[in-house]
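Each chain, letter by letter, is given below.
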Amino acid sequence: MAQHTGTHPSDPRQGPDDGSLRDSVAEFVRSRVFPQEAVLDAGGRDAATALRDLREEARRAGLWALPLPAGLGGGGLPLRSYAALAEAEGASDHGPAALGSAPLLDVTMLARHGTDRIRADYLEALVAGEMRACYAMTEPDVPGTDPFLTGTRAEPRPDGGWRVSGRKWFTSGAAGADLVTVLARTSGSAGDREGLSLLLVPTSSPGFRVVRELPVFGAAGQYEIELDRVTVPAGHMIGAPGRALAIAGERLQLGRTLRCLRWLGQAQRAFDLMCERAAVRGGTRGPLAGHQLVQQHVFDALLAIRTTRPLVHEAVALLDAGRDAHVETGLAKVAAARTLQQVTDSAIQVHGAAGLGPDTPLPALFRTGRAARILDGPDELHVTSVARRVLRGYGPRPATRG
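This is a predicted model, so every value here is computed, not measured.

**Comments concerning the packing of helix 6 (residues 104–113) against helix 8 (residues 244–280)**
Then comes step 1: Between helix 6 and helix 8, the least distance of the axes is 10 Å, while the angle of their chain directions is 150°. Between helix 6 and helix 8, the interaxial angle falls into the category roughly antiparallel. Of the two possible hands of crossing, helix 6 and helix 8 adopt the one that is right-handed. Contacts from Leu 104, Leu 105, Asp 106, Thr 108, Met 109, Arg 112 and His 113 of helix 6 reach helix 8 at Ile 247, Glu 250, Arg 251, Leu 254, Gly 255, Leu 258 and Arg 259.
Then comes step 2: Its residues assigned to classes, the contact of helix 6 with helix 8 shows 6 nonpolar, 3 polar and 5 charged.

What follows is the structure, given as C-alpha cells:
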C-alpha cells in the first residue's frame, strides 16, 4: 500500500537528514508495528512479549527514544525535528511505545520540575523503558475543565512526605505503570484557585489500587484509580507546593501538540487506505476512483489534512522556541481531532461494509478521532478559550492625552 505519512522530504521544516529518518520510522511502523496491532490491542502476556520484541528491534535499528534527552539514553532530537517523526510514529497508537518516545511528556516534566531525588531515581529508567509512568488529573463527578474542584487531598507527614487520598479516572496506562503523577490539593478547600500540587506516587505503595478499566468505545487503556491514604516519600513533589496548574498547563500544551501530530499520522493512514480502496475496488461501472462522489471524499479529506498540518506545526515551532502557544495549540487540537474523524469517516464510507468490520484499522481510527474531541479538553473548551484570548486584543484602547 502506498503511504505518505508525515511531511514530504523536501519540507523546509526538516533538516537535511530528517527525511530519511522519518522514512525509516514510517517503514518500521508499517512493517513491524501494524502487523502486531491486534496482539497489542488484546493486552496480556502476548502483548507484553510483542512490545518487548518491537522495542529491541527499534534499538537495533537506531530508532529508540529519538526525542528524549541524549544524556539519559535518548536520541536528543529537538521538538521541531521530531515533529515529522511523531506523525509517522502516531500512525499506530502503539508506535510511540514501540519506539520509546511514549514517556516524552513525563521525562520532560520531571527533568524540568522534579527534585534531585526524582531525577536521579527515575529518569534514566523511564527513558530506557524499564519503568512506566502515567498522569492522573481528572476525577469522577468533577468537571475535567475545572481543576480547582479537585477533591484528592494530600496531607503533610512529619518526615517531609505526604499522605494522599482520592480517586482519579481516565488515567492512561495506569494498570502497568510504576509511577503516577497525581494532582492533589495540599492546602485550601475545593474551588480555591491556589493550593494544588503535583506528587509523583510509586504505584507499589500500599493503598494504591486500580479500581476498574474504562473502555472507550470498547478500547482498553484507560483506568480509574484509588489512593487510600497512600504514603508518598519526601522529595516526590513536582515543582513547588501550590504550583501544579502552571506545570500542568506546560505539560498540556506539549501533550496536546504531540497528540495532534499523531492524529495527523492516523488521518494520513486513513487517507491512504481510502485512496487504495478507491483505486482497486471496482464494479460494473468501473473503479470507485472514477465516481465523482468518491473523488469528493478524497478532495475533502486531503484538504482537511493539508490545512490542519500547518496549524499543528505552528504550535510545534512556538513550543520549540519556548514561547506561549495557547491559541495555536487550541486551534491545532480542535482541527486535528476533527480532521481525524472526518477523514476516517470518509474512508469508512468508501470501504462500505468492509470499513465497519475487523479487517481494517478504520473502526479503531474512527474511535480515536471521536474520543479526541473530548479527551485533552473538549472542543468547546478550546473554542471558548481561543476566542477569549483573541478578543482581548480587540477591547477598548486606553485614551491618549493630546
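**Notes on the packing of helix 10 (residues 326–351) against helix 12 (residues 379–392)**
Then comes step 1: Interhelical geometry of helix 10 versus helix 12 gives an angle of 145° and a closest axis separation of 9 Å. In the crossing of helix 10 with helix 12, the sense of the turn from one axis to the other is left-handed. In this structure, helix 10 contributes His 326, Val 327, Gly 330, Leu 331, Lys 333, Val 334 and Arg 338 to the contact, and helix 12 contributes Asp 379, His 382, Val 386 and Arg 389.

**Focus on the side chain of Thr 150**
Then comes step 1: Examined against the element boundaries, Thr 150 turns out to sit in the loop between strand 1 (133–136) and strand 2 (153–156).
Then comes step 2: Side-chain polar atoms of Thr 150 contact the backbone oxygen of Pro 147, separated by 2.6 Å.
Then comes step 3: Not counting the four nearest positions on each side in its chain, Thr 150 is found in contact with Glu 139, Val 142, Lys 168, Leu 183, Ala 184, Arg 185, Ala 190 and Leu 196.

**Quick notes on the environment of Arg 60**
Then comes step 1: You can see Arg 60 is positioned in helix 3 (residues 44–60).
Then comes step 2: Using a relative accessible area of 65% as the deciding quantity, one classes Arg 60 as exposed.

How each quantity is defined
Residues numbered from 1 in each chain as written. Predicted model: local features only at pLDDT ≥ 70, side-chain atom pairs only at ≥ 80, totals over all residues. Heavy atoms only, no water. Axes fitted to C-alpha atoms, helices over the stretch in contact; angles between N-to-C directions. Helix = DSSP H or I, 4+ residues; strand = E, 2+ residues; numbered from the N terminus. Parallel < 35°, antiparallel > 145°, perpendicular 65-115°, else oblique. Left-handed = near helix turned anticlockwise from the far one by under 90°. Contact = heavy atoms within 4.5 Å. Nonpolar A, V, L, I, M, F, W, Y, C, P; charged D, E, K, R; others polar. Polar contact = N/O pair within 3.5 Å; in protein donor to acceptor, adjacent residues only side chain to side chain. Buried < 20%, exposed > 50% of the residue type's maximum accessible area, 1.4 Å probe, protein only.

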